[in-house]
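# Coordinates in review
This is what each chain is made of:
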Amino acid sequence: MNAPLRLSIVVPAYNVQDFIVETLDCILPQMRDGHELVLIDDGSTDATVERARGVFAAWPQCAARIVQQTNAGVADARNNGVAQARGDYILFVDSDDLLQPGALDGIDAAIAQYAPDVIATDFCIWYPGRTAKPLEYHHLGYTPNVVVEGPEAILSTYFADRHMYVWCKIIRRAIYLQLGLPLFPSGRLFEDMAIVPRLLAACRTLLYVPLVLLHYRQHPVSITRVITPQWCTDFVLALASARPYLERAGATDSAAMRAEFDGAATLFYLCAIKTSFQLPASAQPDQVRAEVRKIYLGSLFGTVEKTLHNLEAGQLASVTLRNGRRCARQVRQALADSTVFKWRQTINRAYKTWQMARQQRLSKTN
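Attention in this report is confined to the structure presented alongside it.

Scoring rules and cut-offs
- Counting starts from 1 at the beginning of each chain's written sequence and moves along it residue by residue.
- Totals for whole chains, interfaces and linings use all residues, but because this is a predicted model, local features are given only for residues with pLDDT of at least 70 and pairs of side-chain atoms are given and counted only at 80 or more.
- Excluding hydrogens and water, the side-chain values take into account all heavy atoms of the structure.
- Working definition: with a 1.4 Å probe on protein chains only, accessible area under 20% of the residue-type maximum means buried, over 50% means exposed, and in between means partly exposed.
- Segments assigned H or I by DSSP are reported as helices when at least four residues long, segments assigned E as strands when at least two residues long, and all are numbered from the N terminus.
- Aromatic pairing here means that ring centres of Phe, Tyr or Trp (its six-membered ring) are within 6.5 Å. Orientation follows from the plane angle: under 30 degrees is stacked, over 60 is edge-to-face, and everything else is tilted.
- Lysine and arginine charges are scored as sitting over a ring when NZ or CZ, respectively, is within 6 Å of the ring centre and within 35 degrees of the ring normal.
- A pair of cysteine sulfur atoms is labelled a disulfide when the two atoms are within 2.5 Å.

With that out of the way, let us pick up helix H7 (residues 191-201). Among the 11 residues that make up H7, 11 are buried, leaving the element largely enclosed by the rest of the structure. If you check which residues of H7 are buried, you get Glu191, Asp192, Met193, Ala194, Ile195, Val196, Pro197, Arg198, Leu199, Leu200 and Ala201.

Put into structure tokens, the structure is as follows:
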């Protein structure tokens with residue numbers, strides 16, 4: 001008799017023939033009874049599916065399958081993955097990232113001992129093209145191996161950490177189904193940032209396991225990607241769209257949670273505004289910045305001044321006093337449409353774009 005399925009590993013994939021073998025080679029050797037791997041092919045036009053089948057063939061003992069769909073984007077691939085999954089928990093792994101050794105054993109142990117609604121883990125951002133410090137480790141603010149109870153406590157630290165990726169949260173499949181499918185917003189960027197707060201608001205318990213789950217690959221092509229108006233607006237819209245769901249779920253009674261939410265929204269607003277200075281003139285960046293500002297101001301639980309005061313006074317978790325003061329100053333300048341701020345951001349973005357283009361050239365020659 002087959003063991004009950006504890007964990008579904010869902011891998012959305014689209015045209016990743018150069019990476020899918022390495023990704024699957026990090027997952028399949030770790031799989032045990034009670035695991036399944038569901039690869040959602042989002043209409044790939046390259047050899048992604050053929051190479052995945054080749055890897056699966058080398059591991060016939062693993063419950064691994066490919067589900068193909070017409071190209072619709074990563075959000076629809078995630079929705080399909082949830083619908084196809086049969087395990088008690090769902091772990092998403094991006095199709096070019098590397099699950100680290102011992103990750104699945106660590107997840108299994110946490111489920112066996114605590115059976116929480118969600119398991120949160122550390123991760124590492126990986127820059128393969130860097131010669132110096134290619135790995136950046138990120139640790140969460142929860143107390144390790146202690147069950148956190150209640151959505152307010154879960155969400156307060158979540159917004160303070162601002163690590164909003166769905167793949168470092170292993171969540172009960174029942175929680176996904178409880179919210180209803182399709183869940184991830186089709187056609188939107190930062191689709192997980194919009195949905196993970198809703199998922200956590202439905203969780204009663206969280207366990208933080210301080211293991212590095214995976215290496216999150218950064219590509220030169222993605223680092224130097226063309227920034228679009230949608231990139232800027234969707235970035236701030238992700239949290240803004242989550243707020244009404246949090247209110248309806250009754251997860252907003254905590255003053256600490258509201259303050260951390262507003263702090264995260266403010267820092268994401270500043271990031272979007274700075275990024276908008278990479279837009280070409282034809283994209284009408286001033287209009288984009290006005291739209292980003294409107295979305296941001298409508299997303300806050302409190303006032304802008306209260307949030308900036310919290311930043312300046314060092315009252316937000318995981319933001320140092322020095323960084324908080326610098327961010328608050330820049331947000332004030334951005335909201336005031338400061339000429340000095342515009343001038344500095346234009347120069348800074350041009351320099352960073354040159355730096356990244358140079359790094360990409362060097363990585364190709366090495």
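Glancing now at the packing of aromatic side chains. Two descriptors summarise a pair of aromatic rings, namely the distance from one centre to the other and the angle between the planes of the rings. According to the stated counting rule, one finds 18 aromatic pairs in the structure shown. Taking the centre distance of 6.1 Å and the plane angle of 75° together, the rings of phenylalanine 277 and phenylalanine 341 count as edge-to-face. A residue pair is termed long-range when its members are at least 10 positions apart, and phenylalanine 277 in the loop between helix H10 (255-275) and helix H11 (285-299) and phenylalanine 341 in helix H14 (residues 339-365) qualify at 64 residues. With a relative accessible area of 14%, phenylalanine 277 lands in the buried category. Grouped by ring-pair contacts, the aromatic residues Phe123, Tyr165, Trp167 and Tyr216 constitute a single cluster. The ring of tyrosine 245 is capped by arginine 198, whose NZ or CZ atom sits 3.6 Å from the centre of that ring.

Now for the state of the cysteines. Throughout the structure, instances matching the rule amount to zero disulfides. With no disulfide partner, cysteine 62 has as its closest neighbouring cysteine sulfur the one in cysteine 26, 13 Å distant. Cysteine 168 provides the cysteine sulfur closest to cysteine 124, a residue in no disulfide bond, and the two sulfurs are 13 Å apart.

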